[in-house]
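These are the residues of each chain, in order.
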Amino acid sequence: MSDQTNQRGNWNTKLGFVLAAAGSAVGLGNIWGFPTQVADNGGASFILIYVACCLIVGLPVMVAEFAIGRNTRRNPVGAFRKLGKGWFPPLIGLWGVLCGIMILSFYMVIAGWTFSFIFEQLFAQLGFMSASEWVTRMDSGPKNAFFAILFILATISIIVGGVSNGIERATKTMMPILIAVLVIMAAYVMTLEGSTKGLRMYLLPDFSLINTRLVFSAMGQAFFSLSIGMGALLTYGSYLRKNQNIVESATYVTLADMGIAFLAGLLVIPAMFVAENAGITIIGDDGRLYSSSTLVFDVLPGLFSSMGGLLAIVLGTAFFLLLSMAALTSTISLLEVPVSYVIDEHRVPRKKAAWLVGGLVMVLAVGVSFRTNMISFLYVIFNNVGLPLGGLMLSIFLAWSWKTRNALDELRHGFKNPEKSLFLRFWPAFVTYLSPALIALVLITTLYNLLGG
Ligand code: TRP
(Lines give C-alpha, C1' and ligand atoms only; values in the text may rest on other atoms or scores of the structure.)
Protein backbone atom coordinates (compact mmCIF):
# COMPACT_ATOMS: atom_id res chain seq x y z
CA MET A 1 0.00 0.00 0.00
CA SER A 2 2.69 2.49 0.90
CA ASP A 3 4.49 1.67 -2.33
CA GLN A 4 1.38 2.42 -4.23
CA THR A 5 0.97 5.65 -2.27
CA ASN A 6 4.44 6.84 -3.13
CA GLN A 7 4.02 5.95 -6.74
CA ARG A 8 0.79 7.96 -6.97
CA GLY A 9 2.48 11.03 -5.56
CA ASN A 10 1.53 13.37 -2.74
CA TRP A 11 1.19 17.06 -2.16
CA ASN A 12 4.42 18.41 -0.76
CA THR A 13 2.98 20.99 1.60
CA LYS A 14 -0.38 21.74 3.20
CA LEU A 15 -0.51 25.14 1.54
CA GLY A 16 0.38 23.53 -1.79
CA PHE A 17 -2.72 21.36 -1.61
CA VAL A 18 -5.00 24.22 -0.63
CA LEU A 19 -3.65 26.36 -3.48
CA ALA A 20 -4.00 23.53 -6.00
CA ALA A 21 -7.60 22.87 -4.95
CA ALA A 22 -8.34 26.60 -4.85
CA GLY A 23 -6.74 26.84 -8.30
CA SER A 24 -9.13 24.19 -9.51
CA ALA A 25 -12.05 26.07 -8.03
CA VAL A 26 -10.98 29.52 -9.18
CA GLY A 27 -11.45 29.65 -12.91
CA LEU A 28 -13.53 31.14 -15.67
CA GLY A 29 -16.47 30.32 -13.42
CA ASN A 30 -15.34 32.98 -10.97
CA ILE A 31 -13.92 35.74 -13.09
CA TRP A 32 -16.31 35.47 -15.97
CA GLY A 33 -19.26 33.38 -14.81
CA PHE A 34 -19.92 34.94 -11.43
CA PRO A 35 -20.00 38.64 -12.40
CA THR A 36 -22.08 37.71 -15.44
CA GLN A 37 -24.60 35.86 -13.31
CA VAL A 38 -24.76 38.74 -10.88
CA ALA A 39 -25.38 41.16 -13.74
CA ASP A 40 -28.02 38.83 -15.14
CA ASN A 41 -29.81 38.20 -11.86
CA GLY A 42 -30.11 41.67 -10.46
CA GLY A 43 -27.07 42.26 -8.34
CA ALA A 44 -26.39 41.51 -4.74
CA SER A 45 -29.38 39.27 -4.02
CA PHE A 46 -27.65 36.70 -6.22
CA ILE A 47 -24.49 37.00 -4.13
CA LEU A 48 -26.39 36.18 -0.93
CA ILE A 49 -28.07 33.09 -2.37
CA TYR A 50 -24.77 32.03 -3.93
CA VAL A 51 -22.96 32.19 -0.59
CA ALA A 52 -25.73 30.14 1.01
CA CYS A 53 -25.46 27.47 -1.74
CA CYS A 54 -21.69 27.28 -1.29
CA LEU A 55 -21.90 26.86 2.46
CA ILE A 56 -24.97 24.63 2.77
CA VAL A 57 -24.42 22.34 -0.21
CA GLY A 58 -20.98 23.02 -1.67
CA LEU A 59 -18.77 22.76 1.40
CA PRO A 60 -20.31 19.50 2.72
CA VAL A 61 -20.00 17.86 -0.71
CA MET A 62 -16.42 19.09 -1.06
CA VAL A 63 -15.54 17.55 2.31
CA ALA A 64 -17.18 14.31 1.14
CA GLU A 65 -15.06 14.27 -2.03
CA PHE A 66 -11.82 14.88 -0.14
CA ALA A 67 -12.68 12.15 2.39
CA ILE A 68 -13.45 9.52 -0.26
CA GLY A 69 -10.31 10.45 -2.17
CA ARG A 70 -7.92 10.33 0.75
CA ASN A 71 -9.44 7.15 2.19
CA THR A 72 -9.16 5.18 -1.05
CA ARG A 73 -6.11 6.87 -2.62
CA ARG A 74 -7.62 6.21 -5.99
CA ASN A 75 -9.12 7.89 -9.03
CA PRO A 76 -12.94 8.30 -8.90
CA VAL A 77 -13.70 4.97 -10.62
CA GLY A 78 -11.32 2.98 -8.42
CA ALA A 79 -12.45 4.85 -5.33
CA PHE A 80 -16.13 4.00 -5.72
CA ARG A 81 -15.27 0.44 -6.68
CA LYS A 82 -13.16 0.03 -3.56
CA LEU A 83 -15.73 1.39 -1.13
CA GLY A 84 -18.89 0.03 -2.72
CA LYS A 85 -20.34 -3.27 -3.84
CA GLY A 86 -21.55 -4.33 -7.26
CA TRP A 87 -21.41 -2.71 -10.66
CA PHE A 88 -23.11 0.59 -9.93
CA PRO A 89 -20.61 2.53 -7.76
CA PRO A 90 -17.80 2.56 -10.36
CA LEU A 91 -20.28 4.09 -12.80
CA ILE A 92 -20.52 7.16 -10.55
CA GLY A 93 -16.78 7.60 -11.06
CA LEU A 94 -17.04 6.93 -14.76
CA TRP A 95 -19.71 9.62 -15.06
CA GLY A 96 -17.20 12.01 -13.49
CA VAL A 97 -14.50 11.00 -15.99
CA LEU A 98 -16.93 11.59 -18.86
CA CYS A 99 -18.03 14.98 -17.48
CA GLY A 100 -14.37 15.97 -17.13
CA ILE A 101 -13.61 15.20 -20.77
CA MET A 102 -16.76 16.86 -22.06
CA ILE A 103 -16.37 20.00 -19.92
CA LEU A 104 -12.79 20.24 -21.18
CA SER A 105 -13.93 20.06 -24.79
CA PHE A 106 -15.58 23.48 -24.54
CA TYR A 107 -13.65 24.97 -21.61
CA MET A 108 -10.47 24.72 -23.70
CA VAL A 109 -12.02 26.74 -26.52
CA ILE A 110 -13.06 29.53 -24.13
CA ALA A 111 -9.65 29.33 -22.44
CA GLY A 112 -8.09 29.67 -25.90
CA TRP A 113 -10.06 32.88 -26.44
CA THR A 114 -8.87 34.34 -23.15
CA PHE A 115 -5.35 33.46 -24.22
CA SER A 116 -5.49 34.98 -27.70
CA PHE A 117 -7.08 38.18 -26.35
CA ILE A 118 -3.94 38.76 -24.25
CA PHE A 119 -2.29 40.12 -27.39
CA GLU A 120 -5.12 42.34 -28.68
CA GLN A 121 -4.18 45.65 -27.07
CA LEU A 122 -0.47 45.15 -27.59
CA PHE A 123 -0.93 44.58 -31.32
CA ALA A 124 -3.53 47.34 -31.66
CA GLN A 125 -1.53 50.01 -29.87
CA LEU A 126 1.61 49.11 -31.83
CA GLY A 127 -0.37 49.52 -35.03
CA PHE A 128 -0.56 45.86 -36.09
CA MET A 129 -4.25 46.17 -36.86
CA SER A 130 -4.83 42.97 -38.76
CA ALA A 131 -2.99 40.89 -36.15
CA SER A 132 -5.01 42.57 -33.44
CA GLU A 133 -8.22 41.76 -35.29
CA TRP A 134 -7.18 38.17 -35.87
CA VAL A 135 -6.59 37.41 -32.20
CA THR A 136 -10.06 38.68 -31.33
CA ARG A 137 -11.87 36.60 -33.95
CA MET A 138 -14.15 34.11 -32.27
CA ASP A 139 -15.91 32.76 -35.35
CA SER A 140 -12.84 31.37 -37.09
CA GLY A 141 -12.59 27.61 -36.61
CA PRO A 142 -8.87 27.31 -37.40
CA LYS A 143 -7.97 30.22 -35.12
CA ASN A 144 -10.12 28.84 -32.26
CA ALA A 145 -8.62 25.39 -32.72
CA PHE A 146 -5.08 26.77 -32.77
CA PHE A 147 -5.40 28.51 -29.41
CA ALA A 148 -7.40 25.68 -27.83
CA ILE A 149 -4.62 23.27 -28.82
CA LEU A 150 -1.99 25.60 -27.36
CA PHE A 151 -3.93 25.63 -24.12
CA ILE A 152 -4.27 21.85 -24.09
CA LEU A 153 -0.52 21.49 -24.66
CA ALA A 154 0.19 23.80 -21.72
CA THR A 155 -2.14 21.75 -19.53
CA ILE A 156 -0.58 18.45 -20.60
CA SER A 157 2.92 19.72 -19.94
CA ILE A 158 1.99 20.50 -16.34
CA ILE A 159 0.12 17.24 -15.75
CA VAL A 160 3.07 15.25 -17.07
CA GLY A 161 5.18 16.71 -14.25
CA GLY A 162 3.09 14.83 -11.70
CA VAL A 163 1.37 15.91 -8.52
CA SER A 164 3.97 17.88 -6.57
CA ASN A 165 6.41 18.81 -9.33
CA GLY A 166 3.75 19.58 -11.91
CA ILE A 167 0.39 20.56 -10.48
CA GLU A 168 1.49 21.84 -7.08
CA ARG A 169 4.39 23.87 -8.39
CA ALA A 170 2.42 25.46 -11.22
CA THR A 171 -0.56 26.43 -9.07
CA LYS A 172 1.65 27.73 -6.28
CA THR A 173 3.25 30.12 -8.75
CA MET A 174 0.10 31.23 -10.52
CA MET A 175 -2.36 31.73 -7.65
CA PRO A 176 -0.54 34.60 -5.88
CA ILE A 177 -0.01 36.40 -9.21
CA LEU A 178 -3.68 35.96 -10.02
CA ILE A 179 -4.82 37.43 -6.72
CA ALA A 180 -2.40 40.35 -6.99
CA VAL A 181 -3.47 41.25 -10.54
CA LEU A 182 -7.13 41.03 -9.57
CA VAL A 183 -6.77 43.27 -6.52
CA ILE A 184 -4.72 45.89 -8.36
CA MET A 185 -7.09 46.01 -11.32
CA ALA A 186 -10.21 46.20 -9.13
CA ALA A 187 -8.64 49.00 -7.09
CA TYR A 188 -7.75 50.90 -10.26
CA VAL A 189 -11.19 50.55 -11.81
CA MET A 190 -12.75 51.96 -8.61
CA THR A 191 -10.93 55.23 -9.23
CA LEU A 192 -12.52 55.69 -12.66
CA GLU A 193 -15.62 57.68 -13.38
CA GLY A 194 -18.82 55.64 -13.49
CA SER A 195 -17.60 52.88 -11.23
CA THR A 196 -19.77 53.89 -8.25
CA LYS A 197 -22.90 53.22 -10.27
CA GLY A 198 -21.65 49.68 -10.85
CA LEU A 199 -20.67 49.27 -7.23
CA ARG A 200 -24.12 50.26 -6.12
CA MET A 201 -25.75 47.76 -8.41
CA TYR A 202 -23.31 45.05 -7.31
CA LEU A 203 -23.57 45.60 -3.57
CA LEU A 204 -27.13 46.73 -2.88
CA PRO A 205 -29.48 43.75 -2.86
CA ASP A 206 -32.96 43.96 -4.32
CA PHE A 207 -34.78 41.18 -2.51
CA SER A 208 -37.75 41.34 -4.82
CA LEU A 209 -35.56 39.74 -7.48
CA ILE A 210 -35.09 36.49 -5.55
CA ASN A 211 -37.06 33.73 -7.22
CA THR A 212 -36.63 30.03 -7.93
CA ARG A 213 -34.77 30.64 -11.18
CA LEU A 214 -32.19 32.67 -9.32
CA VAL A 215 -31.76 29.96 -6.69
CA PHE A 216 -31.20 27.33 -9.38
CA SER A 217 -28.66 29.45 -11.24
CA ALA A 218 -26.85 30.05 -7.96
CA MET A 219 -26.73 26.35 -7.21
CA GLY A 220 -25.42 25.47 -10.69
CA GLN A 221 -22.85 28.22 -10.42
CA ALA A 222 -21.74 26.93 -7.00
CA PHE A 223 -21.14 23.39 -8.31
CA PHE A 224 -19.17 24.57 -11.30
CA SER A 225 -17.22 27.20 -9.44
CA LEU A 226 -16.27 24.96 -6.50
CA SER A 227 -15.29 22.15 -8.94
CA ILE A 228 -17.51 19.64 -7.18
CA GLY A 229 -19.65 16.83 -8.52
CA MET A 230 -17.30 15.05 -10.91
CA GLY A 231 -14.51 13.76 -8.70
CA ALA A 232 -11.90 16.43 -9.45
CA LEU A 233 -11.53 17.24 -5.77
CA LEU A 234 -11.84 13.56 -4.93
CA THR A 235 -8.79 12.99 -7.15
CA TYR A 236 -6.91 15.89 -5.53
CA GLY A 237 -7.89 14.43 -2.13
CA SER A 238 -6.35 11.10 -3.10
CA TYR A 239 -2.90 12.73 -3.00
CA LEU A 240 -3.46 14.07 0.54
CA ARG A 241 -1.46 13.02 3.55
CA LYS A 242 -3.21 11.78 6.67
CA ASN A 243 -1.94 14.63 8.82
CA GLN A 244 -3.82 17.30 6.90
CA ASN A 245 -7.12 18.58 8.24
CA ILE A 246 -9.67 18.05 5.44
CA VAL A 247 -12.41 20.20 6.94
CA GLU A 248 -10.07 23.12 7.48
CA SER A 249 -8.61 22.83 3.97
CA ALA A 250 -12.07 22.60 2.37
CA THR A 251 -13.14 25.70 4.28
CA TYR A 252 -10.15 27.63 2.96
CA VAL A 253 -10.83 26.47 -0.58
CA THR A 254 -14.49 27.49 -0.37
CA LEU A 255 -13.63 30.88 1.13
CA ALA A 256 -10.94 31.47 -1.48
CA ASP A 257 -13.37 30.61 -4.25
CA MET A 258 -16.12 32.87 -2.93
CA GLY A 259 -13.64 35.63 -2.15
CA ILE A 260 -12.12 35.65 -5.61
CA ALA A 261 -15.53 35.54 -7.29
CA PHE A 262 -16.54 38.52 -5.17
CA LEU A 263 -13.36 40.38 -6.09
CA ALA A 264 -13.88 39.62 -9.76
CA GLY A 265 -17.33 41.18 -9.48
CA LEU A 266 -15.74 44.26 -7.91
CA LEU A 267 -13.64 44.54 -11.04
CA VAL A 268 -16.03 43.54 -13.82
CA ILE A 269 -19.33 45.18 -12.80
CA PRO A 270 -17.88 48.65 -12.07
CA ALA A 271 -15.78 48.32 -15.25
CA MET A 272 -18.99 47.90 -17.26
CA PHE A 273 -20.30 51.20 -16.00
CA VAL A 274 -16.97 52.88 -16.63
CA ALA A 275 -17.34 51.59 -20.17
CA GLU A 276 -20.85 53.01 -20.37
CA ASN A 277 -19.45 56.33 -19.24
CA ALA A 278 -16.98 56.11 -22.12
CA GLY A 279 -19.87 55.70 -24.55
CA ILE A 280 -19.91 51.92 -24.91
CA THR A 281 -23.30 50.17 -24.97
CA ILE A 282 -23.75 47.83 -22.03
CA ILE A 283 -27.50 47.21 -22.15
CA GLY A 284 -28.87 44.80 -24.76
CA ASP A 285 -32.10 44.99 -26.79
CA ASP A 286 -33.85 42.99 -24.08
CA GLY A 287 -33.15 45.75 -21.57
CA ARG A 288 -30.68 43.66 -19.59
CA LEU A 289 -27.02 44.20 -18.96
CA TYR A 290 -24.75 42.51 -21.46
CA SER A 291 -23.33 39.32 -20.05
CA SER A 292 -21.13 36.31 -20.76
CA SER A 293 -18.99 36.51 -23.89
CA THR A 294 -20.31 39.92 -24.98
CA LEU A 295 -19.29 41.35 -21.65
CA VAL A 296 -15.85 39.76 -21.48
CA PHE A 297 -14.84 39.89 -25.14
CA ASP A 298 -16.67 43.05 -26.28
CA VAL A 299 -17.43 45.51 -23.52
CA LEU A 300 -14.19 45.21 -21.58
CA PRO A 301 -11.83 45.24 -24.60
CA GLY A 302 -13.82 48.26 -25.82
CA LEU A 303 -13.11 49.95 -22.51
CA PHE A 304 -9.39 49.16 -22.72
CA SER A 305 -9.17 50.47 -26.29
CA SER A 306 -10.91 53.69 -25.31
CA MET A 307 -8.12 54.35 -22.81
CA GLY A 308 -5.47 54.05 -25.50
CA GLY A 309 -1.70 53.90 -25.30
CA LEU A 310 0.27 52.20 -22.59
CA LEU A 311 -2.67 52.04 -20.21
CA ALA A 312 -4.65 50.02 -22.75
CA ILE A 313 -1.77 47.63 -23.19
CA VAL A 314 -1.22 47.15 -19.46
CA LEU A 315 -4.88 46.72 -18.54
CA GLY A 316 -5.86 44.66 -21.57
CA THR A 317 -2.91 42.33 -21.22
CA ALA A 318 -3.27 41.98 -17.46
CA PHE A 319 -6.98 41.21 -17.60
CA PHE A 320 -6.70 38.41 -20.14
CA LEU A 321 -3.57 37.07 -18.52
CA LEU A 322 -5.59 36.87 -15.32
CA LEU A 323 -8.36 34.95 -17.08
CA SER A 324 -5.86 32.62 -18.76
CA MET A 325 -4.10 31.76 -15.52
CA ALA A 326 -7.38 31.15 -13.75
CA ALA A 327 -8.43 28.88 -16.60
CA LEU A 328 -5.14 26.99 -16.63
CA THR A 329 -5.23 26.05 -12.93
CA SER A 330 -8.74 24.73 -13.62
CA THR A 331 -8.03 22.79 -16.81
CA ILE A 332 -5.24 21.04 -14.91
CA SER A 333 -7.74 19.67 -12.40
CA LEU A 334 -10.25 18.75 -15.08
CA LEU A 335 -7.65 16.81 -17.06
CA GLU A 336 -6.18 15.15 -13.98
CA VAL A 337 -9.42 13.20 -13.41
CA PRO A 338 -9.41 11.15 -16.64
CA VAL A 339 -5.60 10.96 -16.54
CA SER A 340 -5.55 9.49 -13.02
CA TYR A 341 -8.27 7.07 -14.13
CA VAL A 342 -6.16 5.84 -17.04
CA ILE A 343 -3.04 5.61 -14.82
CA ASP A 344 -4.74 3.68 -11.99
CA GLU A 345 -7.20 1.49 -13.82
CA HIS A 346 -5.32 0.77 -17.03
CA ARG A 347 -1.81 0.82 -15.62
CA VAL A 348 -0.53 3.32 -18.14
CA PRO A 349 2.44 5.54 -17.14
CA ARG A 350 1.54 9.17 -16.36
CA LYS A 351 3.21 10.70 -19.39
CA LYS A 352 1.50 8.41 -21.84
CA ALA A 353 -1.83 8.76 -20.04
CA ALA A 354 -1.62 12.55 -20.20
CA TRP A 355 -0.95 12.52 -23.95
CA LEU A 356 -3.66 9.94 -24.62
CA VAL A 357 -6.41 11.80 -22.78
CA GLY A 358 -5.05 15.18 -23.89
CA GLY A 359 -5.17 13.95 -27.49
CA LEU A 360 -8.80 12.94 -27.13
CA VAL A 361 -9.65 16.33 -25.63
CA MET A 362 -7.86 17.96 -28.58
CA VAL A 363 -10.03 16.15 -31.10
CA LEU A 364 -13.20 17.16 -29.28
CA ALA A 365 -12.05 20.75 -28.73
CA VAL A 366 -11.20 21.13 -32.43
CA GLY A 367 -14.76 20.02 -33.17
CA VAL A 368 -16.16 22.62 -30.77
CA SER A 369 -13.80 25.25 -32.25
CA PHE A 370 -15.64 25.00 -35.55
CA ARG A 371 -19.08 24.80 -33.95
CA THR A 372 -18.97 27.25 -31.06
CA ASN A 373 -22.77 27.29 -30.84
CA MET A 374 -22.42 23.86 -29.21
CA ILE A 375 -20.84 25.43 -26.12
CA SER A 376 -24.08 26.40 -24.40
CA PHE A 377 -25.58 23.00 -25.11
CA LEU A 378 -22.56 21.17 -23.67
CA TYR A 379 -22.56 23.51 -20.70
CA VAL A 380 -26.18 22.74 -19.89
CA ILE A 381 -25.79 18.97 -20.19
CA PHE A 382 -22.48 18.50 -18.39
CA ASN A 383 -22.56 21.40 -16.01
CA ASN A 384 -26.18 22.15 -15.12
CA VAL A 385 -27.19 18.48 -15.18
CA GLY A 386 -23.96 16.49 -15.01
CA LEU A 387 -22.35 18.02 -11.94
CA PRO A 388 -25.42 18.06 -9.67
CA LEU A 389 -26.17 14.50 -10.76
CA GLY A 390 -22.63 13.48 -9.83
CA GLY A 391 -22.82 15.33 -6.52
CA LEU A 392 -26.17 13.72 -5.75
CA MET A 393 -24.90 10.19 -6.45
CA LEU A 394 -21.75 10.88 -4.45
CA SER A 395 -23.65 12.08 -1.36
CA ILE A 396 -26.13 9.21 -1.54
CA PHE A 397 -23.30 6.73 -1.95
CA LEU A 398 -21.38 8.16 0.98
CA ALA A 399 -24.37 8.24 3.31
CA TRP A 400 -26.07 4.98 2.45
CA SER A 401 -23.31 2.71 1.21
CA TRP A 402 -20.00 3.80 2.70
CA LYS A 403 -21.73 5.29 5.79
CA THR A 404 -21.00 8.59 7.43
CA ARG A 405 -19.33 6.94 10.43
CA ASN A 406 -16.55 5.63 8.18
CA ALA A 407 -16.26 9.01 6.53
CA LEU A 408 -16.05 10.65 9.96
CA ASP A 409 -13.20 8.30 10.90
CA GLU A 410 -11.38 9.55 7.82
CA LEU A 411 -12.09 13.20 8.66
CA ARG A 412 -10.73 12.79 12.20
CA HIS A 413 -7.23 12.20 10.81
CA GLY A 414 -5.38 15.48 11.03
CA PHE A 415 -8.18 17.07 13.04
CA LYS A 416 -6.96 18.32 16.44
CA ASN A 417 -10.07 18.11 18.63
CA PRO A 418 -12.67 16.37 16.51
CA GLU A 419 -15.10 15.91 19.46
CA LYS A 420 -15.35 19.67 19.80
CA SER A 421 -16.07 20.39 16.17
CA LEU A 422 -19.51 21.75 15.41
CA PHE A 423 -18.94 21.08 11.74
CA LEU A 424 -18.32 17.38 12.26
CA ARG A 425 -21.41 17.13 14.45
CA PHE A 426 -23.70 18.55 11.75
CA TRP A 427 -21.95 17.36 8.61
CA PRO A 428 -23.51 13.83 8.58
CA ALA A 429 -27.04 15.27 8.53
CA PHE A 430 -26.02 17.69 5.77
CA VAL A 431 -24.55 15.08 3.41
CA THR A 432 -27.22 12.51 4.23
CA TYR A 433 -30.38 14.61 3.96
CA LEU A 434 -30.06 18.31 3.30
CA SER A 435 -27.56 18.40 0.41
CA PRO A 436 -29.08 15.47 -1.54
CA ALA A 437 -32.59 16.84 -1.07
CA LEU A 438 -31.62 20.32 -2.28
CA ILE A 439 -29.57 18.98 -5.17
CA ALA A 440 -32.38 16.65 -6.22
CA LEU A 441 -34.86 19.51 -6.17
CA VAL A 442 -32.65 21.66 -8.38
CA LEU A 443 -31.90 18.77 -10.71
CA ILE A 444 -35.54 17.78 -11.18
CA THR A 445 -36.55 21.37 -11.88
CA THR A 446 -33.67 21.83 -14.31
CA LEU A 447 -34.62 18.68 -16.20
CA TYR A 448 -38.29 19.66 -16.18
CA ASN A 449 -37.45 23.05 -17.68
CA LEU A 450 -35.06 21.50 -20.20
CA LEU A 451 -37.61 19.02 -21.41
CA GLY A 452 -39.88 21.90 -22.18
CA GLY A 453 -42.11 21.83 -19.10
N1 TRP B 1 -14.13 25.57 -11.08
C2 TRP B 1 -13.66 25.95 -12.37
C3 TRP B 1 -14.18 27.31 -12.71
O4 TRP B 1 -14.73 27.98 -11.88
C5 TRP B 1 -14.00 24.94 -13.42
C6 TRP B 1 -13.60 23.57 -13.03
C7 TRP B 1 -12.34 23.12 -12.84
C8 TRP B 1 -14.44 22.50 -12.73
N9 TRP B 1 -12.37 21.81 -12.44
C10 TRP B 1 -13.64 21.42 -12.36
C11 TRP B 1 -15.81 22.39 -12.73
C12 TRP B 1 -14.21 20.23 -11.97
C13 TRP B 1 -16.36 21.19 -12.34
C14 TRP B 1 -15.57 20.12 -11.95
O15 TRP B 1 -14.06 27.75 -13.81
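Residues numbered from 1 in each chain as written. Predicted model: local features only at pLDDT ≥ 70, side-chain atom pairs only at ≥ 80, totals over all residues. Heavy atoms only, no water.

**Q** Describe the overall build of the protein chain, naming the residues involved and giving the relevant values.
**A** Along its length, the protein chain carries 19 helices and 0 strands. Against the 2.2 N^0.38 benchmark of 22 Å for 453 residues, the protein chain shows a C-alpha radius of gyration of 21 Å, consistent with a compact globule. Dimensions of the protein chain, computed from C-alpha atoms along their principal axes, come out at roughly 60 × 50 × 45 Å. Put simply, the protein chain has 453 residues, and 59% of those count as buried. The long-range share in the protein chain, meaning contacts at least 24 apart out of those at least 6 apart in sequence, stands at 83%. As presented, the protein chain carries roughly 18000 Å² of accessible surface, and 65% of it is formed by carbon and sulfur atoms. Distance from the positive charge centre (29 side chains) to the negative charge centre (21 side chains) of the protein chain: 13 Å. (Helix = DSSP H or I, 4+ residues; strand = E, 2+ residues; numbered from the N terminus. Rg over C-alpha atoms; globule rule 2.2 N^0.38 Å. Buried < 20%, exposed > 50% of the residue type's maximum accessible area, 1.4 Å probe, protein only. Contact = heavy atoms within 4.5 Å. Areas by Shrake-Rupley, 256 points an atom, 1.4 Å probe, with all protein chains shown as cover. Lys, Arg positive; Asp, Glu negative; His and termini not counted. Charge placed at Lys NZ, Arg CZ, Asp CG, Glu CD.)

**Q** Give a description of the environment of Phe370 that names residues and reports values.
**A** On the secondary structure map, Phe370 appears in helix α17 (residues 350-370). Distance from Phe370 to Val109, taken between C-alpha atoms, is 9.9 Å for residues 261 residues apart in sequence. Apart from the residues lying within four places of it in its own chain, the contact partners of Phe370 are Gly141, Pro142 and Ala145.

**Q** Quick one: what's the story with helix α19 (residues 422-450), residue by residue and with numbers?
**A** With 29 residues, α19 extends 39 Å between its outermost C-alpha atoms, agreeing within 8% with the 42 Å of an ideal straight helix rising 1.5 Å per residue. Along α19, the sharpest kink reaches roughly 55°, centred on Phe430. Three or more residues of α19 are buried, namely Leu424, Trp427, Pro428, Val431, Thr432, Ser435, Pro436, Ile439, Val442, Leu443 and Thr446. In this structure, the buried side of α19 is in contact with α4 (44-72), α12 (212-226), α14 (246-277) and α18 (374-412). The backbone nitrogen of Phe423 lies 3.2 Å from a side-chain oxygen of the residue at the head of α19, namely Ser421. Gly452 sits one or two positions beyond α19 and adopts a positive phi of about 80°. (Expected span 1.5 Å × (residues − 1). Bend = angle between axes of the 7 residues up to and from the residue. Polar contact = N/O pair within 3.5 Å; in protein donor to acceptor, adjacent residues only side chain to side chain.)

**Q** Explain the packing of helix α10 (residues 163-190) against helix α16 (residues 309-346) to me, using residue names and the numbers behind them.
**A** Remark: α10 packs on α16, axes separated minimally by 9 Å, with the N-to-C direction vectors making an angle of 145°. The chirality of how α10 crosses α16 is left-handed. In this structure, α10 uses Ile167, Thr171, Met174, Met175, Ile177, Leu178, Val181, Leu182, Met185 and Tyr188 to contact α16, whose residues at the interface are Leu311, Leu315, Ala318, Phe319, Leu322, Met325, Ala326, Leu328, Thr329, Ile332 and Glu336. A breakdown of the residues in the contact of α10 with α16 according to their chemical character gives 18 nonpolar, 2 polar and 1 charged. (Axes fitted to C-alpha atoms, helices over the stretch in contact; angles between N-to-C directions. Left-handed = near helix turned anticlockwise from the far one by under 90°. Nonpolar A, V, L, I, M, F, W, Y, C, P; charged D, E, K, R; others polar.)

**Q** I'd like to hear about a nonpolar patch on the surface, residue by residue, with values.
**A** A contiguous nonpolar surface patch, about 480 Å² in accessible area, is contributed by Trp134, Phe146, Leu150, Leu153 and Trp355. In terms of residue count, the dominant contributor to the nonpolar patch is helix α9 (residues 141-160) (3 residues). Within the secondary structure layout, Leu153 lies in helix α9. (Patch = residues over 30% accessible without salt bridge, like charges linked within 9 Å, V, L, I, M, F, W, Y side chains within 5 Å. Salt bridge = Lys/Arg side-chain N within 4 Å of Asp/Glu carboxyl O.)

**Q** Give me the lowdown on the confidence of the model for the protein chain, citing residues and values where you can.
**A** Chain-level statistics for the protein chain give a pLDDT mean of 94 and a share of 98% at 70 or above. Confidence drops under pLDDT 50 across residues 1-6; counting only partners more than four residues distant or on other chains, this segment forms 5 contacts. (pLDDT = per-residue confidence, 0-100.)

**Q** Which residues make up the packing of helix α15 (residues 292-307) against α16, and what values go with them?
**A** In contact at an axis separation of 7 Å, α15 and α16 are set at 155° when each is read in the N-to-C sense. Judged by the angle between their axes, α15 and α16 are roughly antiparallel. Here Val296, Phe297, Leu300, Pro301, Phe304 and Met307 of α15 come into contact with α16, specifically with Gly309, Leu311, Ala312, Leu315, Gly316, Phe319, Phe320 and Leu323. Classifying every residue of the contact of α15 with α16 by side-chain character gives 12 nonpolar, 2 polar and no charged. (Parallel < 35°, antiparallel > 145°, perpendicular 65-115°, else oblique.)

**Q** Tell me about the nonpolar core, and please be specific about residues and values.
**A** The biggest cluster of nonpolar side chains holds 160 residues, and the ones touching the most others in it are Trp11, Ile68, Ile103, Leu267, Phe319, Phe320 and Trp427. The contacts of Ile68, once residues within four sequence positions are left out, are Ala79, Phe80, Leu83, Leu234, Leu394, Leu398 and Trp402. (Core = buried A, V, L, I, M, F, W, Y, C linked by side-chain atoms within 4.5 Å.)

**Q** Describe the site of the ligand, and please don't skip the residues or the numbers.
**A** Of all residues adjacent to the ligand, which total 16 residues, the nearest are Ala25, Gly29, Tyr107, Phe224 and Ser333. Within the backbone of Gly29, an N or O atom sits 2.8 Å from an oxygen atom of the ligand. Contact distances for the ligand include 2.9 Å between a nitrogen atom and a side-chain N or O atom of Ser333. In isolation the ligand has 360 Å² of accessible area, and contact with the protein removes 100% of it. Under a 2 Å grid-point criterion requiring more than half of the atoms, the pocket assigned to the ligand is the largest cavity. Those elements giving two or more residues to the shell around the ligand turn out to be α2 (14-25), α3 (28-40), α12 and α16. (Near = heavy atom within 4 Å. 1 Å grid on protein atoms, 1.4 Å probe; cavity = no way out; pocket = protein on both sides within 12 Å on 5 of 7 lines; lining within 4 Å. Sits in = over half its atoms within 2 Å of the grid points.)

**Q** So, the layout of surface pockets: which residues are in play, and what are the values?
**A** The space that makes up the largest pocket amounts to roughly 1000 Å³. For the largest pocket, the lining is made up of 36 residues, of which Gln37, Ser292, Ser376, Tyr379 and Asn384 are closest to its centre. Elements represented by at least two residues in the lining of the largest pocket include exactly α3, α6 (88-116), α12, α15, α18 and α19. Taken together, the residues that form the lining of the largest pocket break down as 14 nonpolar, 20 polar and 2 charged. (Points joined across faces, edges and corners; volume = space filled by probe spheres on them.)

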